[in-house]
Amino acid sequence: MLSKLAELTQSVEVDIIFHNNVDWKEEHIEGQIAARSNVELDDIQFYEYKARCKVHSDRLPIIANMDAVRRIEEVGEVVTQIDKASMIINPPLLSSQTANNIYQGSGQVIAIADTGLDLGDLTNMHPAFGYWVVVLL
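How each quantity is defined
Residues numbered from 1 in each chain as written. Predicted model: local features only at pLDDT ≥ 70, side-chain atom pairs only at ≥ 80, totals over all residues. Heavy atoms only, no water. Salt bridge = Lys/Arg side-chain N within 4 Å of Asp/Glu carboxyl O. Helix = DSSP H or I, 4+ residues; strand = E, 2+ residues; numbered from the N terminus. Buried < 20%, exposed > 50% of the residue type's maximum accessible area, 1.4 Å probe, protein only. Core = buried A, V, L, I, M, F, W, Y, C linked by side-chain atoms within 4.5 Å. Contact = heavy atoms within 4.5 Å. Arc of directions from axis to C-beta.

Engineer: How would you explain the pattern of salt bridges if you had to name every residue and give the values?
Structural biologist: What the rule picks out here adds up to 3 salt bridges. A salt bridge links Arg52 to Asp15, with the nearest nitrogen and oxygen atoms 2.6 Å apart. Here the residue Arg52 occupies a position in strand β3 (residues 50–56), and Asp15 occupies one in strand β1 (residues 11–18), the gap between them amounting to 37 residues. You'll find Arg52 and Asp15 in the same group, each marked buried.

See below:
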């Protein structure tokens, strides 16, 4: 992802994801990110496992060279891709707190809305999903 972002010649909003063992509060990462990104500290939002800021793309390799940085991702807009699925499952709107979480995969429950996944019951599921599907709505 960094190589694609680094090709830009403009400012871009990014999440700077830290390695799992990094405690940015204890390791004084805030100042390092502010200096390397050339962004005021007040303009950087820090979360448990990441920092978010708008930075010029030419600063990204400088930030990426920090030992504490695992990866850098462009912040995208959260949108529903399939309106039909949204009407079926009626999902709650994502709060900014939910959107800023880092999901590690352990213990997460996901939902898939796909009109071609099954024929209406668990006995005729596609073999790739049969074991993992718990309920059909």
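There's plenty left to go through after this.
Engineer: Requested: an account of the nonpolar core, with residues and values cited.
Structural biologist: With 21 residues, the main nonpolar core has Ile16, Phe18, Ile29, Ile33 and Ile44 as its most contacted residues. For this core, the secondary-structure elements that each account for two or more residues are β1, α2 (29–37), β3, α3 (60–64) and β4 (69–74). By residue number, the principal contributor to this core is β1, which donates 4 residues. Apart from residues no more than four positions distant in its own chain, Ile33 is found in contact with Ile16, Phe18, Ile44, Phe46, Ala51 and Met66.

Engineer: Which residues make up α2, and what values do they have?
Structural biologist: The α-helix advances 3.6 residues per turn, and as a result positions three or four apart in sequence lie on the same side. If you check which residues of α2 are buried, you get Ile29, Ile33, Ala34 and Ser37. Each buried residue of α2 lies within a common arc of 135° when the element is viewed along its axis, so the set occupies one face.

Engineer: Give a detailed account of unusual backbone geometry, specifying residues and quantitative values.
Structural biologist: The phi dihedral of Asn38 falls on the positive side, at around 60°, and the residue is not glycine. For Asn38, the position within the fold is in the loop between α2 and β2 (45–46). Looking at Asn38, the relative accessible area reads 65%, which means it is exposed.

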